[in-house]
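Coordinates in review
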Amino acid sequence: MLTSKVAKRYAQGLLDFTNESGQTATVFSEMKDVVKIMKESADLNKFFMTPYIDSKKKVEVANEIFKGLSVSSKNLITLVIKHGRESQLKNIAQEFINKVEDISGVQRVTITTATQLSKENLDEILRNSNLVNTNANFDLQLNIRPEILGGYILRVGDQQIDASVKSKLNQVKKDFSLN
């Protein structure tokens, strides 16, 4: 997933601030909550995306929704809204999480399959891949996409192994069309 320059800049600014003030762990946890809330609430996303609602009203609503957060996190949210970047709030929070995990040495691993896999199958895929360092910390995200038909797609950082049936069928189709 591509992250906008806006999200990267705000996240870097927040990271610099939290490193200086010693609040990185607290804000890291709170940004996970922000991402979760923004993912789960379509109504909140629609509210933030509505251009004719005044930013003061959006700040008011955000302060109520995120009232349990630290002052630093609330100030970031207020700043983002006042600058008209509320549509990027989830991306900013996710980018901050990614930056903190990168500093901590956490690998982000995504496995996409057609159906739910057992724990043993997941472990087998991870063990047999040369992309995943199973001795290090990694954050595993599972995606179920029936359209890949079978197999899996393993993504680690910016590297990917596509062992899906759909891509193999597309390759066979391409080979036939060339001959």
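In what follows, the structure referred to is the one given above.
In this numbering scheme, every chain counts its residues from 1 along its sequence in written order. Residues qualify for local features only when their pLDDT is at least 70, as the model is predicted, and side-chain atom pairs are given and counted only at 80 or more; totals for whole chains, interfaces and linings, by contrast, use all residues. Hydrogen atoms and water are omitted, and side-chain values are computed over all heavy atoms in the structure.

**Some words on the overall build of the chain**
Counting secondary structure elements, the chain contains eight helices and four strands. Helices and strands in the chain line up, N terminus first, as α-α-α-α-α-α-β-α-β-β-β-α. Throughout, the radius of gyration refers to the C-alpha atoms, and the reference size of a globule is 2.2 Å times the residue count to the power 0.38. Against the compact-globule benchmark of 16 Å for 179 residues, the chain has a radius of gyration of 20 Å, which places it well outside the compact range. The C-alpha extent of the chain, read off along each of the three principal axes, is 60 × 40 × 30 Å. Counting over 179 residues, the chain shows a buried share of 35%. A separation of at least 24 residues holds for 64% of the contacts in the chain among residues at least 6 apart in sequence. To measure how exposed things are, a 1.4 Å probe is used in the Shrake-Rupley method; for residues, cover is taken only from the protein chains shown. Taken as a whole, the chain presents about 11300 Å² of accessible surface, with 51% of it coming from carbon and sulfur. A run of H or I in DSSP becomes a helix once it reaches four residues, and a run of E becomes a strand once it reaches two; helices and strands are each numbered from the N terminus. Think of it in three bands: with a 1.4 Å probe and only protein chains considered, a residue is buried below 20% of the maximum accessible area for its type, exposed above 50%, and partly exposed in between. Should any heavy atoms of two residues lie within 4.5 Å, those residues are counted as being in contact.

**A few points about unusual backbone geometry**
Residue Leu 149 is not a glycine yet carries a positive backbone phi of 70°. When you line up the elements, Leu 149 lands in the loop between β2 (138-144) and β3 (151-156). Among the residues examined, Leu 149 registers a relative accessible area of 54% and is labelled exposed.

**A closer look at the sheet that holds β3**
Here, a strand pair is defined by DSSP locating no fewer than two bridges between the strands. Across the sheet, four strands lie side by side as β2-β1-β3-β4; this open sheet has mixed pairing. Only two strands of the sheet have a single neighbouring strand rather than two, namely β2 and β4 (159-164). Across the sheet, the axes of successive neighbouring strands diverge by a mean angle of 15°, strand direction being ignored. As paired elements, strand β1 (residues 107-113) and β2 share seven bridges and run parallel to each other. If you follow Ile 111 over to β2, its bridge partner there is Leu 142. Lines are fitted to the C-alpha atoms to define the axes, a helix being fitted only along its stretch in contact, and any angle between axes, read from their N-to-C directions, falls within 0 to 180 degrees. Of the strands in this sheet, β3 and β4 are in contact with helix α8 (residues 165-178), which crosses β4 at around 80°.

**A few points about the nonpolar core**
Ranked by internal contacts, the top residues of the largest apolar core, which has 28 residues, are Met 31, Val 34, Phe 48, Phe 66, Ile 77, Leu 89 and Phe 96. Only α1 (5-21), α2 (24-40), α3 (42-49), α4 (55-65), α5 (71-82) and α6 (89-104) provide two or more residues apiece to this core. The term nonpolar core refers to a set of buried residues drawn from Ala, Val, Leu, Ile, Met, Phe, Trp, Tyr and Cys, joined through side-chain atoms within 4.5 Å. Counting nine residues, the second largest nonpolar core, distinct from the first, contains Leu 122, Leu 131, Val 132 and Val 156.

**Considerations on α4**
Within α4, burial applies to Lys 58, Val 59 and Ala 62. For α4, the angular spread of buried residues about the axis comes to 100°, placing them on one side. Seen from the open side of α4, the exposed residues pointing more than 90 degrees away from its buried face are Lys 56, Glu 60 and Glu 64. Residues of α4 that are buried sit in contact with α3 and α5. Note: the arc covers the axis-to-C-beta directions of the helix.

**Brief notes about the pairing of β3**
Relative to β3, β1 runs antiparallel, the two sharing five bridges. Bridge pairing in β3 links Thr 113 to Tyr 152. Between β3 and β4, which pair antiparallel and follow one another directly, the connecting turn spans two residues, one of which, Gly 157, has a positive phi of 60°.

**Topic: the packing of α2 against α5**
Two elements in contact, α2 and α5, have axes whose closest approach is 9 Å; the angle formed by their N-to-C orientations is 45°. It follows from the interaxial angle that α2 and α5 lie oblique. The two elements α2 and α5 cross, and the hand of that crossing is right-handed. Within the contact between the two elements, α2 uses Val 27, Glu 30, Met 31 and Val 34 and α5 uses Ser 72, Ser 73, Leu 76 and Ile 77. Residue composition of the contact of α2 with α5, grouped by class: five nonpolar, two polar and one charged. An angle below 35 degrees is treated as roughly parallel, one above 145 as roughly antiparallel, one from 65 to 115 as roughly perpendicular, and anything else as oblique. Working rule for handedness: look at the near helix, and if it is turned counterclockwise from the far one by less than a right angle, call the crossing left-handed; if clockwise, right-handed. Charged residues are taken to be Asp, Glu, Lys and Arg, nonpolar residues to be Ala, Val, Leu, Ile, Met, Phe, Trp, Tyr, Cys and Pro, and polar residues to be all remaining types, Gly included.

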